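Working through the structure, step by step
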Amino acid sequence: MATEKKVTAIKNTPKHLLGIQNLSVLEAKEILTEAKFFIKLNRGSSKKLDVLRGKTQINLFFEPSTRTQSSFDLAGKRLGADVMTMNMSNSALKKGETLIDTAMTLNAMHPDIIVIRHQDSGAPNLLSQKVNCTVINAGDGRREHPTQALLDALTIINRKGNIEGLKIAICGDILHSRVARSNIYLMNMLGAEVNVIAPKTLMPRGIDNLGVKSFTDMKKGLDGCDIVMMLRLQNERMQGSFLPSKREYYEFFGLTPEKLKFAKKDALLMHPGPMNRGVEIDTKLADDINVSLVKEQVELGVAVRMACLKLYCK
Ligand code: NCD
C-alpha cells in the first residue's frame, strides 16, 4: 500500500539554512507559514513540544549576541531538543584552534543541528561542508542573517497582512549590515519595493544591482514608505572613520518623529536591536507602542527560529 507523503518545499533541498539568497520563494513562505503556528503556541501556557526530542542542538556564538542567542536557545528547548549554547570567547579558539578543528571536535559528538554566528562572512558555509548535521546561520560577518529577515517578514505580515506591494525603507549602516542584505533579498522576493538610505560612506557600491533604490536623503528615501527599518552603526566592522561625528549622523540620519512624517501616515518602525538611542533613533520613538514593532520582532523571532529548526532538522 502506498504511504502518503507530505510534500514540502524544504524536504528535498540541502538541509542547511545559510542565507536568504539560497532560498526559494516557496521555502521562505513555508517557513513563515510554519512560524505562524508557533506564535500561537508561544503565547499559550504550555509551550513545550517534542518535535526535536532526542536531537542535539549546539549554538556556537563567536560574536556577542543577546536576542539571537537566547531566541535560538528557547526555540530549541521549546521543541524538545537538548540544547548546548557555547560562548566561543571562552573556547579553545583562544588557544589557537581553527574553526574547522572546532567543527570537527563538535561533529564527533554527533550533534543534529549547529547554529553558528561568526564574524567572518562565509563561516557557516565552510562549516556546513565539514560536518554531518544541519547548519543554521545566525549571522556571518556582513553577509547574511537569514532568520532576522524571516522574523522581520513575519512581523510585517502579522501587522500589514502581506508584504507584496509594500514600500520598505532600510536606513543606516547598509555597508556593514548583514540584516540589510538578508532583508533586501527577502523583501524583494516577497514582492516589496525596497529603498535603502545611508550616507555615501556607508552605502555599498553597486547596491542598485540588488534591485533597490538608494538614497542619501531621508526625506526622499522615506517618501511613501509603509515600513521604516533602522540599523545600528556597526562600529565593530569599521576600520577607520566613516562619519564626521555621531551627533551629525543623528542630525541627518537618526529617525525622529519629524523625519518619520516623511513616510506614510500609518508607517511602522522596526529595528533588529541592539538600539543605540540618540544615534540612529530617537529614544521616545523607539518605545512608542503606536509605531514601534521592536518588541514584536523579538517575540516572533522565537517562532521563526522554531520553524527553521523544525523544517531543517531531519
Ligand atoms: C543584528 C546582528 O547581529 O547582525 N542584531 C541581531 O541579530 N538582533 C544587528 C546588529 O548587531 O546591529
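Just so it is clear, the structure is predicted and the values come from calculations on it, not from any experiment. (Residues numbered from 1 in each chain as written. Predicted model: local features only at pLDDT ≥ 70, side-chain atom pairs only at ≥ 80, totals over all residues. Heavy atoms only, no water.)

With respect to the helices and strands, the residue Val-304 is situated in helix α11 (residues 294-312). Ignoring sequence-local partners within four residues, the contact set of Val-304 consists of Ile-31, Ala-35, Thr-147, Leu-150, Leu-151 and Leu-154. (Helix = DSSP H or I, 4+ residues; strand = E, 2+ residues; numbered from the N terminus. Contact = heavy atoms within 4.5 Å.)

For the structure shown, the criterion picks out 14 salt bridges. Glu-236 is paired through a salt bridge with Arg-237; the nearest N and O atoms lie 3.9 Å apart. With a relative accessible area of 47%, Glu-236 lands in the partly exposed category. The class of Arg-237 is buried, set by a relative accessible area of 14%. Here Arg-277 ties to Asp-287 by a salt bridge, and the two come within 2.9 Å at their closest N and O atoms. Of this pair, Arg-277 sits in the loop between β9 (268-270) and α10 (283-287) while Asp-287 is found in helix α10, placing the two residues 10 residues apart along the sequence. (Salt bridge = Lys/Arg side-chain N within 4 Å of Asp/Glu carboxyl O. Buried < 20%, exposed > 50% of the residue type's maximum accessible area, 1.4 Å probe, protein only.)

Taken together, Arg-67, Thr-68, Arg-117, His-145, Gln-148, Arg-178, Val-179, Arg-232, Gln-234, Pro-272, Gly-273 and Pro-274 make up all the residues around the ligand. Taking Thr-68, its side chain carries an N or O atom lying 2.9 Å from an oxygen atom of the ligand. The contact in question runs from a nitrogen atom of the ligand to an N or O atom on the backbone of Pro-272, over 3.0 Å. Spatially, the ligand is embedded in the largest pocket. Going through the elements one at a time, α2 (67-78) and α6 (178-189) are the ones with two or more residues in the shell around the ligand. Its residues placed into classes, the shell around the ligand shows 3 nonpolar, 5 polar and 4 charged. (Near = heavy atom within 4 Å. Polar contact = N/O pair within 3.5 Å; in protein donor to acceptor, adjacent residues only side chain to side chain. 1 Å grid on protein atoms, 1.4 Å probe; cavity = no way out; pocket = protein on both sides within 12 Å on 5 of 7 lines; lining within 4 Å. Sits in = over half its atoms within 2 Å of the grid points. Nonpolar A, V, L, I, M, F, W, Y, C, P; charged D, E, K, R; others polar.)

Here the focus is the packing of helix α3 (residues 99-107) against helix α4 (residues 123-130). Across the interface, α3 lies against α4 with an axial gap of 10 Å and an inter-helix angle of 45 degrees. Here α3 lies oblique to α4, going by the angle between them. In terms of crossing hand, the pair formed by α3 and α4 is right-handed. Packed against α3, whose contacting residues are Leu-99, Ile-100, Ala-103, Met-104 and Asn-107, the element α4 presents Ala-123, Leu-126, Leu-127 and Lys-130 at the interface. Residues of the contact of α3 with α4, tallied by class, amount to 7 nonpolar, 1 polar and 1 charged. (Axes fitted to C-alpha atoms, helices over the stretch in contact; angles between N-to-C directions. Parallel < 35°, antiparallel > 145°, perpendicular 65-115°, else oblique. Left-handed = near helix turned anticlockwise from the far one by under 90°.)

Let us now look at unusual backbone geometry. Following Gly-273, the chain continues into Pro-274 via a peptide bond in cis, with omega recorded as -5 degrees. By the secondary structure assignment, Pro-274 is in the loop between β9 and α10.

Before going further, it helps to examine the sheet that holds strand β5 (residues 167-171). In space, the 5 strands of this open sheet follow the order β7-β6-β5-β8-β9, with parallel pairing throughout. A strand with exactly one partner marks an edge of an open sheet, and here the two such strands are β7 (213-215) and β9. If you compare each strand with its neighbour and ignore which way they point, the axes differ by 20 degrees on average. Bridge count for strand β8 (residues 227-230) against β9 is 3 bridges, and the pairing is parallel. Within the sheet, the bridge partner assigned to Ile-227 lies in β9 and is Leu-268. (Pairing = 2+ DSSP bridges.)

Okay, the sheet that holds strand β1 (residues 56-61) next. Sheet architecture is open: 4 strands sit in the order β2-β1-β3-β4, paired in parallel fashion. Unpaired on one side and paired on the other, β2 (82-87) and β4 (134-140) mark the two borders of the sheet. On average, each strand axis in the sheet is tilted by 15 degrees relative to the strand beside it, whichever way the strands run. Where β1 and β2 come together, 6 bridges link them in parallel fashion. Residue pairing for β2: Gln-57 is matched across the bridge by Val-83. Contacting β1, β2, β3 (113-118) and β4, α2 crosses the sheet at an angle of about 180 degrees to β1.

On a regular strand, each side chain points to the face opposite its neighbour's, so the side chains alternate between the two faces of the sheet. Buried residues dominate strand β6 (residues 193-197), accounting for 4 of its 5 residues. Pairing of β5 with β6 involves 5 bridges; the strand directions are parallel. Of the residues in β6, the one forming a bridge with Ile-170 is Val-196. Bridging between β6 and β7 involves 3 bridges; their strand directions are parallel. Bridged to Asn-195 within β7 is Lys-213.

Shape is all these values report; function is a separate question.
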